Amino acid sequence: MIENTNTEPLYILLISVHGLIRGRDLELGRDADTGGQTKYVVELAKALAKQPNVGRVDLVTRRIIDTEVGPDYAELAEPLAENAQIVRIEAGPEGYIRKEELWDHLDSFADNLLTWLHRQPRLPDILHSHYADAGYVGVRLAHRTGLSLIHTGHSLGRDKCRRLLAMGLAMEDIELRYHMSRRIDAEEDTLTNADLVITSTRNEIEEQYELYDCYTPDKMAIIPPGTDLDMFHPPTSAGEDIAFAETLKMSLHEPHKPMILALSRPDERKNIVGLLEAYGGSPRLQQLANLVIIAGNREDIRELGEGPQGVLTELLLVADYYDLYGRVALPKHHSADDVADIYRLAATSGGVFVNPALTEPFGLTLLEAAASGLPLVATENGGPVDIIGNCSNGLLVDPLDKSAIAEALVTILENPKLWQEFSVNGLQNVARYYSWDAHAQAYLRTIRTLSQQGVPLPKTPPIVKTGRYQKLAIFTAIDNTLLGDNEGLAQFVNLIREKRKKLLFGIATGRRLDSALAIFKKYRIPMPDILITSFGTEIYYAPQLIADIAWTYHIDHLWTPQVLRRVIGKLPGLTLQAKSEQSRYKLSYHYDSNSAPSMEEILTLLRQQELSANCTLSSGQFLDFVPARASKGQALRYIAQQWHIPLERILATGGSGADEDMLRGNTLGVVVANRHCEELSILGDTEHVYFAEGSHAWGILEAIEHYDFFNR
Ligand SMILES: O=c1ccn([C@@H]2O[C@H](COP(=O)(O)OP(=O)(O)O[C@H]3O[C@H](CO)[C@@H](O)[C@H](O)[C@H]3O)[C@@H](O)[C@H]2O)c(=O)[nH]1
Ligand SMILES: O=P(O)(O)OC[C@H]1O[C@](O)(CO)[C@@H](O)[C@@H]1O
């Protein structure tokens, strides 16, 4: 493992899971998941790769094999620039699915990405996740490798949710459509575990990240993105012949009039319908200018995803209601090359760019419009506050106030002097404040210390075993899984004895080592080869029961048990378990569900106190806190990596909440029938998790059949 020294060029890993990402002709706006972030990460990878002290940049995304989206996205590796490539990792179904449907596949993504990383000459120096889904992956990778994690949110669930509620959507609809709680949970977890958050604006820190339980402005750095000033520039000549003008003429009775231009993905958050209503409600505005709405590409609205389909249908209905035919254009198609032309067409016409979003975390389109010489009208919620603050090139409005939107547009359109002032300011200041080269330099200055702080885990196993490197393993919890039915246990024990030569037998228990050993003795269970005890905080190797010290050192990261005891100690319904159940890396409580706070409330409290600990409720009555890097699943993955056992050849069995992360991802998971009522239900749709009919050890035996385990 080559440690990063001052001279070694940096190896940076960017993770951006969703959307359609490739090196050329990004299909921006094609769907709700392919837009600013996909452009941002490609530009960032290229800008970083150009820097002298960067040796390698990998932009990792999900591999998509789907005739609907073309073969590029199935390429496992795609050169992006010198020293930069796009790497595609398989996870979940082969086809292209919405980002909201990715949650149950991200553990596999993390497992497969780590397998890929261990095949590289060396691990990256830094991990940088983009958006909640990549944050979920980044946290798991950081815990398993010891590398530092940077995060950039691009768009934040709490902010989006707040604005959609303000627009009148019901919480259950938001939850149903956007799986908002899983997204926000992942964002909170990422903010708790990231070493640094890179934002594009101060507004994001003060107005958007501030909504989170884990709010740590002191570990946030503002590094605004850039824009491509070669691509986006003012019209070269008044009569510039732009092909797209023909497209617009088909919809506009007076195509020479100034253009109000809106350009965004057709997402509810972009509030395009609100803009159309503002235009429809203002005869003066309709007299002054046409409205051109570029909202992705489409063939048949009826085939779009629910979100985009709703937005576009609503646009057609509103345009019809106000009878805006001839004054509003809603082009079905535009190419990546058309976008810069469209901005220039609007500038040539003396028009205005408008971003009416309910909230706009940053707003790359505002940079593009400014670089094209267009004055701006933009939402006062989010990045536009900083952009227009820096560039003095437009007006901010309340996106829910339609007359304010119309008024701002009229003000600029009726005042050529103001138009000119905003146009010139925008041109000058976008070049001054927003450049990818400046971004990359600031980025490297900011991460320099972090890239040396990570303490990667050793790659070689801590103990040289007697050559027993098996390619099959079973890890099982003890209580209510291995134990509970003596006949089932006896059958399982016989099977283990019979297959012992082919198999690593492990346990993963919340019990301490002494308590687990007593169980083996009492029930005459053969000594396992590997023991994960105390909820993954300790690992022992039989027969000498040698503790894995590297693991202990690894999980010690940010563990502050005294602070944790003080914070948790004040809560009702929680009483410390017996001293015999406590350990240096495990705080165990009895949980009284009648009086104790909910798990959600406890997690919120931990995040507010910036305590990065894992907290699990088992069988509805035992509440355990361990370091963030410790859990049954993380310990199991560490062992699998050390002993070169593919996760796909590990049968992991459980029945309570503490078993969840060892059942997720690429292991062969099995949930025994007598599991605690609601714990593990979230795994219902997760691939490689088998819900057994049989309870206790019978469930394990059943799963061995189900997976044809010994013939794998
Ligand atoms: O039909 C379309 C729609 C969009 N775009 C392009 O897609 C990008 C859209 O980026 P942005 O306006 O920033 O919006 P989002 O796609 O929503 O991007 C998210 O991520 C960006 C990068 O962090 C942030 O700037 C945004 O606030 C955040 O919502 C721009 O380059 C547009 O030119 C098209 O080319 N065609
Ligand atoms: O609007 P949402 O659901 O917050 O998602 C924002 C989307 O825009 C993007 O920029 C599209 O690339 C991503 O950040 C994300 O997929």
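Residues numbered from 1 in each chain as written. Chains lettered and ligands numbered in written order. Predicted model: local features only at pLDDT ≥ 70, side-chain atom pairs only at ≥ 80, totals over all residues. Heavy atoms only, no water.

Undergrad: Give me the sheet that holds strand E11 (residues 328-329): which residues, what numbers.
TA: One open sheet accounts for six strands, arranged E11-E10-E9-E12-E13-E14; its pairing is parallel. On the outer flanks of this sheet lie E11 and strand E14 (394-397), each paired with one strand and no other. Across the sheet, helix H12 (residues 336-348) lies against strand E9 (259-263), strand E10 (290-294) and strand E12 (352-355), angled at about 150 degrees from E9, the strand it touches most. In this fold helix H15 (residues 402-413) packs onto E9, E12, strand E13 (376-379) and E14, with an angle of close to 170 degrees to the strand it touches most, E14. (Pairing = 2+ DSSP bridges. Helix = DSSP H or I, 4+ residues; strand = E, 2+ residues; numbered from the N terminus. Contact = heavy atoms within 4.5 Å. Axes fitted to C-alpha atoms, helices over the stretch in contact; angles between N-to-C directions.)

Undergrad: Please provide a residue-by-residue account of the domain arrangement of the chain, values included.
TA: Partitioning the chain into structural domains gives domain 1 (10-226 + 443-452), domain 2 (244-434), domain 3 (470-557 + 630-712) and domain 4 (558-628). For domain 3 and domain 4, the distance between their C-alpha centres works out to 24 Å. Opposite the 19 residues of domain 3 that make contact, domain 4 presents 20 residues. Summed over both sides, the interface of domain 3 with domain 4 buries roughly 1,500 Å², with 51% coming from carbon and sulfur. Of all residues in domain 3, Arg512, Phe535 and His557 bury the most surface against domain 4, accounting for 33% of the area lost on that side. Counting every contact that joins domain 3 to domain 4 gives zero salt bridges. On inspection of domain 3 and its partner domain 4, the count reaches twelve residue pairs in polar contact (both at pLDDT 80 or more). Residue classes in the side of domain 3 that touches domain 4 are distributed as four nonpolar, eleven polar and four charged. (Domains from an automatic or database assignment. Buried area = accessible area lost by both parts, 1.4 Å probe. Salt bridge = Lys/Arg side-chain N within 4 Å of Asp/Glu carboxyl O. Polar contact = N/O pair within 3.5 Å; in protein donor to acceptor, adjacent residues only side chain to side chain. Nonpolar A, V, L, I, M, F, W, Y, C, P; charged D, E, K, R; others polar.)

Undergrad: Which residues make up the site of ligand 1, and what are the values?
TA: Close to ligand 1 lie 26 residues; Gly36, His154, Arg265, Glu360 and Glu368 are nearest. Within the contact set of ligand 1, an oxygen atom lies 3.5 Å away from a backbone nitrogen or oxygen of Gln37. A distance of 3.5 Å separates an oxygen atom of ligand 1 from a polar side-chain atom of Thr365. When isolated, ligand 1 has an accessible area of 680 Å², and the protein chains bury 97% of it. Contributing elements (two or more residues each) for the shell around ligand 1: helix H1 (36-49), H12 and helix H13 (364-371). No other element matches H1, which puts four residues into the shell around ligand 1. For the shell around ligand 1, a count of residues per class yields ten nonpolar, ten polar and six charged. (Near = heavy atom within 4 Å. Areas by Shrake-Rupley, 256 points an atom, 1.4 Å probe, with all protein chains shown as cover.)

Undergrad: Explain the side chain of Lys39 to me, and be specific about the residues and the numbers.
TA: Note on placement: Lys39 falls in helix H1. Lys39 gets classed as buried once you look at its relative accessible area, which sits at 15%. Once residues lying within four places of it in the same chain are set aside, the contact partners of Lys39 are Leu26, Leu28, Phe232, Leu364 and Glu368. (Buried < 20%, exposed > 50% of the residue type's maximum accessible area, 1.4 Å probe, protein only.)

Undergrad: Please provide a residue-by-residue account of the sheet that holds strand E16 (residues 504-508), values included.
TA: Strands sit in the order E19-E18-E17-E16-E15-E24-E25-E26 across an open sheet of eight strands; the sheet is mixed. The outermost strands of the open sheet, each flanked by one partner alone, are strand E19 (546-547) and strand E26 (689-691). Pairing between strand E24 (residues 650-654) and strand E25 (residues 668-671): four bridges, direction parallel. Paired with Ala652 across the two strands is Gly669, which belongs to E25. Seen against the sheet, helix H27 (residues 696-706) touches strand E15 (473-476), E24, E25 and E26 and runs at an angle of roughly 150 degrees to E24.

Undergrad: Before we move on, can you summarise the site of ligand 2 with the specific residues and values?
TA: Residues in contact with ligand 2 amount to 17 residues; listed here are only the nearest, His18, Gly35, Gln37, Ser155 and Lys160. The contact in question runs from an oxygen atom of ligand 2 to an N or O atom on the side chain of Lys160, over 2.7 Å. Within the contact set of ligand 2, an oxygen atom lies 3.0 Å away from a side-chain nitrogen or oxygen of Arg269. Taking 390 Å² as the accessible area of ligand 2 by itself, protein coverage stands at 97%.

Undergrad: How would you explain the packing of helix H3 (residues 131-145) against helix H6 (residues 180-193) if you had to name every residue and give the values?
TA: For the pair H3 and H6, the least separation of the axes is 8 Å and the interaxial angle reads 45 degrees. Taken together, the axes of H3 and H6 are oblique relative to one another. When the axes of H3 and H6 are compared, the crossing they make is left-handed. In this structure, H3 contributes Tyr131, Ala132, Gly135, Tyr136, Val139, Arg140 and His143 to the contact, and H6 contributes Arg183, Ala186, Glu187, Asp189, Thr190 and Asn193. Broken down by class, the residue content of the contact of H3 with H6 amounts to five nonpolar, four polar and four charged. (Parallel < 35°, antiparallel > 145°, perpendicular 65-115°, else oblique. Left-handed = near helix turned anticlockwise from the far one by under 90°.)

Undergrad: Help me get a handle on helix H4 (residues 157-166), residues and values and all.
TA: Residues of H4 that are buried: Gly157, Asp159, Lys160, Cys161, Arg163 and Leu164. Residues of H4 that are buried in the fold lie against helix H5 (171-178), H6 and helix H7 (202-208). Gly168 sits one or two positions beyond H4 and adopts a positive phi of about 110 degrees.

Undergrad: Describe the side chain of Asp386, with residues and values.
TA: Its place among the elements puts Asp386 in helix H14 (residues 384-391). The charged side chain of Asp386 is buried without a salt bridge, its nearest counter-charge being Arg202 at 5.9 Å. Once residues lying within four places of it in the same chain are set aside, the contact partners of Asp386 are Thr201, Arg202, Asn203 and Tyr434. (Lys, Arg positive; Asp, Glu negative; His and termini not counted.)

Undergrad: I'd like to hear about the UniProt feature "domain: Sucrose phosphatase-like" (unreviewed entry) in the chain, residue by residue, with values.
TA: Feature annotation in UniProt assigns "domain: Sucrose phosphatase-like" (unreviewed entry) to the following positions: residues 472-708. In the segment residues 472-708, helix accounts for 35% and strand for 22%; the C-alpha atoms at its two ends are 12 Å apart. (UniProt positions renumbered as here; feature names shortened; annotations may be inferred.)

Undergrad: Quick rundown of the pairing of strand E7 (residues 196-199)? Include the residues and the values.
TA: By the alternation rule, side chains of E7 split into Leu196 and Ile198 and Val197 and Thr199, which are all buried. As paired strands, E7 and strand E8 (residues 220-222) are joined by three bridges and run parallel to one another. The residue of E8 that forms the bridge with Ile198 is Ala221. Crossover connection from E7 via H7 to parallel E8: handedness right-handed. (Right-handed = clockwise from strand over helix to strand, strands pointing away.)

Undergrad: Residues and numbers for the nonpolar core, please.
TA: Leu564, Ile568, Leu623, Phe625 and Ile639 are the most contacted members of the largest nonpolar core, which has 51 residues in total. A total of five residues in this core trace back to one element, the largest contributor, which is helix H25 (residues 632-642). Ignoring sequence-local partners within four residues, the contact set of Leu623 consists of Leu574, Gln577, Leu587, Ser588, Tyr589, Tyr591, Met599, Ile602, Cys615, Thr616 and Leu617. Judged by nonpolar contacts, the second largest core, of 37 residues, contains Val311, Leu312, Ala408 and Phe422. (Core = buried A, V, L, I, M, F, W, Y, C linked by side-chain atoms within 4.5 Å.)

Undergrad: Explain the pairing of strand E18 (residues 538-541) to me, and be specific about the residues and the numbers.
TA: Where burial is concerned, the two faces of E18 agree: the one with Glu538 and Tyr540 and the one with Ile539 and Tyr541 are both buried. In terms of strand pairing, strand E17 (residues 530-533) meets E18 through four bridges, oriented antiparallel. Each bridged residue has a counterpart across the sheet, and for Leu531 the counterpart in E18 is Tyr540. Remark: four residues form the turn of the hairpin made by E17 and E18, two consecutive strands paired antiparallel; Ser534 in that turn has positive phi of roughly 50 degrees.

Undergrad: Break down the packing of H4 against H5 for me, with residues and values.
TA: Here H4 crosses H5 at 135 degrees, and the two axes come no closer than 10 Å. Viewed along their axes, H4 and H5 adopt a mutual orientation that is oblique. The way H4 lies across H5 gives a crossing that is right-handed. Mapping the contact onto sequence places Lys160, Cys161, Leu164 and Leu165 in H4 and Met171, Ile174 and Tyr178 in H5. Split into classes, the residues belonging to the contact of H4 with H5 amount to six nonpolar, no polar and one charged.

Undergrad: A description of the pattern of salt bridges should follow, citing residues and the corresponding values.
TA: Where charged atoms from two side chains of opposite charge come close, those side chains can pair. For the structure shown, the criterion picks out 49 salt bridges. Its salt-bridge partner being Asp159, residue Arg163 comes within 3.6 Å of it at the nearest N-O pair. Here Arg163 and its partner Asp159 are both found in helix H4, four residues apart, which amounts to about one turn of the helix. For Glu246, the salt bridge goes to Lys249, with nearest N and O atoms at 3.2 Å. With Glu246 and Lys249 both in helix H8 (residues 244-249) and three residues apart, the pair spans about one turn of that helix. A relative accessible area of 48% places Glu246 in the partly exposed class. Judged by its relative accessible area of 44%, Lys249 is partly exposed. Residues participating in the shared-partner salt-bridge network are Arg22, Arg24, Asp25, Glu27, Arg30, Asp31 and Asp72.

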